[in-house]
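# Observations on the model geometry
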Amino acid sequence: VDLGKGVKLEMVLIPAGEFKMGSPESDKDAFEWEKPQHRVRITKPFYLGKYLVTQEQWEAVMGNNPSQFKGPKNPVETVNWDDCQQFVGKLNAKSAAGGGKFQLPSEAQWEYACRAGSKTKYCFGDDETRLGDYAWYGKNSGNTTHPVGEKKPNAWGLYDMHGNVWEWCADWYGEGYYAKSPADDPSGPTAGTRRVFRGGSWFGDGGSCRSAYRYS
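One numbering rule holds for all chains: residues counted from 1, following each sequence as written. Two thresholds apply to this predicted model, a pLDDT of at least 70 for residue-level local features and 80 or more for giving and counting side-chain atom pairs, whereas whole-chain, interface and lining totals are computed over all residues. As a convention, hydrogens and water are excluded, and side-chain values are obtained from all of the structure's heavy atoms.

### Quick look at the overall build of the chain
Defined as follows: Secondary structure elements follow DSSP: runs of H or I no shorter than four residues count as helices, runs of E no shorter than two count as strands, and numbering proceeds from the N terminus. Here the term buried applies to any residue with accessible area under 20% of the maximum for its type, exposed to any over 50%, and partly exposed to those in between, with areas from a 1.4 Å probe on protein chains only. Any pair of residues with heavy atoms lying within 4.5 Å of one another is described as a contacting pair.
A tally of helices and strands in the chain yields three helices and nine strands. Overall, the chain shows an N-to-C arrangement of helices and strands of β-β-β-β-β-β-α-α-α-β-β-β. Along the three orthogonal principal directions, the C-alpha set of the chain runs to about 50 × 40 × 30 Å. The buried share of the chain, reckoned over its 216 residues, is 50%. Look at the contacts in the chain between residues 6 or more apart in sequence, and 64% of them connect residues 24 or more apart.

Shown next, in the form of structure tokens:
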């Protein structure tokens, strides 16, 4: 997608399919709000950004850069959920002729894309000592964000799904939502006070980068 001034937004087509969302009871490190693990079907394919939204992409759409850690290829940060809705709205106005509609992913779409077919704690397995190959997090970030795409991608070609910066999802956060979630394309509670974010960040520990970890 051409954002103007030579700035592009690359997307990856995520296939429809099903997966087990959340953490199993057997995982003693998991929190209660990641349970129960439940089967979810994503009934339609969708596109997701290949990389985190960068500062140059944000600037091309919004005309400003609120980030603390400046760098055109670094992910945009210090943006709240409402800021992201404005970004999406302007992106949709900009590309109205393209026929697609931009929106934040649902929490289920995000975890499905992050897992990329894996059933383990991380997209690459359960061994946290390998996390540094895939993520910038508290142990290796040097207390800053890093340019997108420098670590290994997951099996579907998505970068920085673990670490670097937290990623907003469309859903309201509901601690007990998993117990009553529909199987097909769940979109979260109908109301709430906080929104979901996922994936861990440059300042978090390895546990907060797990595929099932959720926060608000």
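There is more to say, and it comes next.
### Observations concerning the pairing of strand β5 (residues 38-42)
Let me state the cut-off plainly: At least two bridges found by DSSP between two strands are what make those strands a pair.
The two faces of β5 differ: His38, Val40 and Ile42 on one face are buried, but Arg39 and Arg41 on the other face are not. Where strand β4 (residues 17-21) meets β5, five bridges bridge the pair, whose relative direction is antiparallel. Bridging across to β5, phenylalanine 19 finds its partner in valine 40.

### Let's talk about the nonpolar core
Basically, it comes down to this: Here the nonpolar core consists of buried residues drawn from Ala, Val, Leu, Ile, Met, Phe, Trp, Tyr and Cys, with membership extended through side-chain atoms lying within 4.5 Å.
In terms of nonpolar packing, the biggest core is built from 20 residues, with Ile14, Ile42, Leu48, Leu158 and Met161 touching the most fellow members. Where this core is concerned, the elements lending two or more residues are β3 (11-14), β4, β5, β6 (46-49) and α3 (107-115). Apart from residues no more than four positions distant in its own chain, isoleucine 14 is found in contact with Pro45, Phe46, Leu48, Tyr112, Ala113, Trp156 and Leu158. Listed in part, the 16 residues of the second largest apolar core include Val7, Leu9, Ala60 and Trp81.

### Some details on a negative patch on the surface
Here is the rule we go by: Patch definition: residues above 30% relative accessible area lacking any salt bridge, with like charges linked at up to 9 Å and the nonpolar side chains Val, Leu, Ile, Met, Phe, Trp and Tyr linked at up to 5 Å. Only the protein chains shown count as cover for residues, and all accessible areas are computed by the Shrake-Rupley method using a 1.4 Å probe. Whenever a carboxyl oxygen of Asp or Glu lies within 4 Å of a side-chain nitrogen of Lys or Arg, that contact is scored as a salt bridge. This count recognises Lys and Arg as positive and Asp and Glu as negative, with His and chain-terminal groups excluded. For this purpose, a charge sits on NZ of Lys, CZ of Arg, CG of Asp or CD of Glu.
Where like charges cluster on the molecular surface, the negative patch consists of Asp126, Asp127, Glu128 and Asp205. Residue placement: aspartate 127 occurs in the loop between α3 and β7 (167-172). Look at aspartate 127 and you get partly exposed, because its relative accessible area is 37%.

### A closer look at α3
Summarising burial for α3: nine of the nine residues are buried, a large majority. Every buried residue of α3 is accounted for by Glu107, Ala108, Gln109, Trp110, Glu111, Tyr112, Ala113, Cys114 and Arg115. Downstream of α3 by one or two residues, alanine 116 has phi in the positive range, about 50 degrees.

### Side note on the side chain of asparagine 65
Structurally, asparagine 65 can be placed in the loop between α1 (55-62) and α2 (81-94). The contact partners of asparagine 65, leaving out residues within four places of it in the chain, are Gln55, Trp58, Glu59, Lys70 and Val76.

### Focus: the state of the cysteines
Cut-off, in case you're wondering: By definition, disulfides here are pairs of cysteine sulfur atoms that lie within 2.5 Å.
Enumeration over the complete set of coordinates arrives at zero disulfides. In this structure cysteine 123 is a free cysteine whose sulfur lies 6.1 Å from that of cysteine 114, the closest cysteine sulfur available.

### Observations concerning the packing of aromatic side chains
In plain terms, the rule: Each Phe, Tyr or Trp ring, with Trp reduced to its six-membered ring, pairs with another whose centre is within 6.5 Å; inter-plane angles below 30 degrees give stacked pairs, above 60 give edge-to-face pairs, and intermediate values give tilted ones.
Scanning the model with the defined rule gives 16 aromatic pairs in all. Between phenylalanine 69 and tryptophan 202 the ring centres are 5.0 Å apart and the planes differ by 80 degrees, which places this aromatic pair in the edge-to-face class. Of this pair, phenylalanine 69 sits in the loop between α1 and α2 while tryptophan 202 is found in the loop between β8 (195-198) and β9 (214-215), placing the two residues 133 residues apart along the sequence. Like phenylalanine 69, the residue tryptophan 202 is buried in the burial classification. Between tyrosine 213 and tyrosine 215, the aromatic rings sit 6.3 Å apart at their centres with planes inclined by 20 degrees, giving stacked as the arrangement.

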